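Listed here are the chains, written in short residue letters.
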Amino acid sequence: MRKKVLILGSTGSIGTATLEVIANDPASFEVCGLACRNNIELLNKQILHFKPRWVCVFDEHQAGAVTAPGVRVLTGIEGMKEMIRSDVEIVVNALPGSIGLEPTIEALLCRKTLALANKESLVMAGRIIRRILAETGGRLTPVDSEHSALYQLLKDIDGKEVRSIIITASGGPFRRHTRRALERVELSEAMNHPTWRMGQKITLDSATLMNKGLEIIEARWLFDLEPERIRTLVHPESIVHGIVELSDNSLLAYMASPDMKIPIAYALNGERRLDLPFSPLGLEGITKLTFHPPDLKRFPSIRLAYEALAAGDSACIAYNVSNEVAVQAFIDGRIRFTDIPRVVVATLAEITAGSVVDTLEGVLETASWTRSIAMTKITDTGRKRL
């Protein structure tokens, strides 16, 4: 029997890689549904190739642009939830940003197998997601390369033996830039990642190292670890994706080519490793592996993530949402590259420390409030430029 798969964010980098994995093994998987934000041209091509029963377009005004025949078209978050509640078995959540939160929770409540690439879900609602997993016995398999690596390493290790985990970072395209050079960064430069080919939002997050900050918060909830036991090292080669430091001072590392199809295949295949034709890693061709701590003065995003964790759930929500607002403002040319973390700092200063947010309604309310505050900070930043 082929596994029935729903892919949310099918036209992004993770979504297209997921479809490549499925196309490599069509006897094992059936694509039942696809969802995207606005790349309708690519969605139409995917429909013709994989013939899903239904698709969902986030913007209802673009639904009429779906021209592929024989498919039911849904719209918005509710449309994605309807697909999740169907007979699909695996939900791949590759949506970028906060819009992935409600589909994540819906998938877990419906006891689907969730292959999660939407790190923002755990950043904003890690407490809620852990509770749902405990109550339903559902399965959440991370798809981020770093968290998939750590997940695989930790599966067979007694938690008492773990001293810390290390999330690696490529360092992005600006790891050698001075502060003055960072002030002049243009959008086209920020989109030129040295290792990975990803969507616009995650590529910009990688350039600011905000992506690592989000991954630190994600790891805190995914692995139920205290923040002080989660570390980050810059590793430009992007070969070592995760490291576990053990109590006897030994280290276990996960190595693979920087290809998202490897962790995606692991998640789709029920956490089993099968033969893959993708990106074999030849050690004989690797001349060096380098590691160094991130520069938190030039790239304060990681420090801000720890501060958000210390402040509480509302701060973690604000960290994520204010970054999303700031990234869009940079894309729109309203602020400079270095203003992105500044907007996050200014927004976090408005958050009351110590808060616990344990309902979806509370998360959404805090996110809405944060978005308004962050927009104000961006307006203030623009006025200061005049």
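The structure reproduced in this document is the subject of the present report. Remember, it's a predicted structure, so these values are computed and weren't measured experimentally.

A word on the overall build of the chain. Helices and strands together make up the secondary structure of the chain, namely 15 helices and 11 strands. By the compact-globule yardstick of 21 Å for 386 residues, the chain fits well, its C-alpha radius of gyration being 20 Å. Dimensions of the chain, computed from the C-alpha atoms along their principal axes, are close to 55 × 50 × 40 Å. Within the chain, contacts between residues at least 6 apart in sequence are counted, and of these 66% link residues at least 24 apart. For the chain, the computed accessible surface area is about 16,800 Å², with 51% contributed by carbon and sulfur atoms. Here the chain contributes 46 positive and 46 negative side-chain charges, whose respective centroids are spaced 3 Å apart.

A general feature of soluble globular proteins is that nonpolar side chains tend to end up buried together. Core analysis: the largest hydrophobic core is formed by 92 residues, its most contacted members being Leu8, Met83, Ile165, Phe223, Val244, Tyr319 and Phe337. Per element, the largest residue contribution to this core is 11 residues, and it comes from helix H13 (residues 313-331). Filtering out sequence-adjacent residues up to four positions away, Val244 remains in contact with Leu150, Leu153, Leu154, Ile157, Val162, Ser164, Ile165, Ser250, Leu251 and Leu252. Judged by nonpolar contacts, the second largest core, of 32 residues, contains Ile22, Val55, Ala68 and Val143.

Alignment of strand E5 (residues 90-93) against strand E6 (residues 113-116), held across 4 bridges, turns out to be parallel. The partner of Asn93 across the bridge, within E6, is Leu116. As a crossover connection, the stretch from E5 through helix H4 (residues 101-109) into E6 is right-handed. Both E6 and strand E7 (residues 139-142) contribute to a ladder of 4 bridges, which runs parallel. By the bridge assignment for E7, Leu114 is matched with Leu140.

Moving on: the pairing of strand E10 (residues 240-246). As a general feature of sheets, a regular strand has side chains that alternate between the two faces. Of all 7 residues that make up E10, 7 are buried, and the element is covered over most of its length. Taken together, the 5 bridges between strand E8 (residues 162-169) and E10 define a ladder with antiparallel strand orientation. Following the sheet pairing, Val162 is matched in E10 by Leu246. Pairing geometry for E10 and strand E11 (residues 251-255), over 5 bridges, is antiparallel. Bridged to Val244 within E11 is Leu252. Counted along the chain from E10 to the antiparallel partner E11, the turn is 4 residues long, and its residue Asn249 has a positive phi close to 75°.

In this section: the packing of helix H1 (residues 13-24) against helix H2 (residues 40-50). For the pair H1 and H2, the least separation of the axes is 13 Å and the interaxial angle reads 15°. What the angle tells us is that H1 and H2 run roughly parallel. Handedness of the crossing formed by H1 with H2: left-handed. Of H2, the residues touching H1 (which contributes Thr16, Leu19, Ile22 and Ala23) are Leu42, Gln46 and Phe50.

One open sheet accounts for 7 strands, arranged E4-E3-E2-E1-E5-E6-E7; its pairing is parallel. The strands lining the two open edges of the sheet, one partner per strand, are strand E4 (72-75) and E7. Put simply, the sheet's adjacent strands are angled 20° from each other on average, direction ignored.

What follows deals with the environment of Asn93. With respect to the secondary-structure elements, Asn93 resides in strand E5. Its relative accessible area of 0% is what places Asn93 among the buried residues. For the pair Asn93 and Ala181, spaced 88 residues apart in sequence, the C-alpha to C-alpha distance is 36 Å. Excluding its chain neighbours within four sequence positions, the residues that come into contact with Asn93 are Leu8, Gly100, Pro103, Thr104, Leu114, Ala115, Leu116, Ala117, Asn118 and Ser121.

A few words on unusual backbone geometry. Backbone geometry places Ser238, a non-glycine residue, at a positive phi of 55°. Structurally, Ser238 is set in the loop between strand E9 (230-234) and E10. In this structure Ser238 comes out as buried when scored by relative accessible area, which is 5%. Phi at Glu271 is positive, roughly 60°, even though this residue is not glycine. Structurally, Glu271 is set in the loop between helix H11 (261-268) and helix H12 (301-311).

Turning next to the sheet that holds E9. Strand order in this open sheet of 4 strands is E9-E8-E10-E11, and the pairing throughout is mixed. Two strands bound the open sheet, and with one partner strand each, they are E9 and E11. Across the sheet, the mean angle from the axis of one strand to that of its neighbour is 20°, orientation sign disregarded.

Turning next to helix H9 (residues 200-208). The buried count for H9 comes to 7 of 9 residues, which makes it a mostly enclosed element. Within H9 the residues assigned to the buried category are Lys201, Thr203, Leu204, Asp205, Ser206, Ala207 and Thr208. Buried residues along H9 sit against helix H5 (119-136), helix H8 (187-190), helix H10 (210-222), H12, H13 and helix H14 (339-348). Note on H9: the residue one or two positions beyond its end, Leu209, has a positive phi of about 65°.

Cut-off values and rules
- Residues numbered from 1 in each chain as written.
- Predicted model: local features only at pLDDT ≥ 70, side-chain atom pairs only at ≥ 80, totals over all residues.
- Heavy atoms only, no water.
- Helix = DSSP H or I, 4+ residues; strand = E, 2+ residues; numbered from the N terminus.
- Rg over C-alpha atoms; globule rule 2.2 N^0.38 Å.
- Contact = heavy atoms within 4.5 Å.
- Areas by Shrake-Rupley, 256 points an atom, 1.4 Å probe, with all protein chains shown as cover.
- Lys, Arg positive; Asp, Glu negative; His and termini not counted.
- Charge placed at Lys NZ, Arg CZ, Asp CG, Glu CD.
- Core = buried A, V, L, I, M, F, W, Y, C linked by side-chain atoms within 4.5 Å.
- Buried < 20%, exposed > 50% of the residue type's maximum accessible area, 1.4 Å probe, protein only.
- Pairing = 2+ DSSP bridges.
- Right-handed = clockwise from strand over helix to strand, strands pointing away.
- Axes fitted to C-alpha atoms, helices over the stretch in contact; angles between N-to-C directions.
- Parallel < 35°, antiparallel > 145°, perpendicular 65-115°, else oblique.
- Left-handed = near helix turned anticlockwise from the far one by under 90°.

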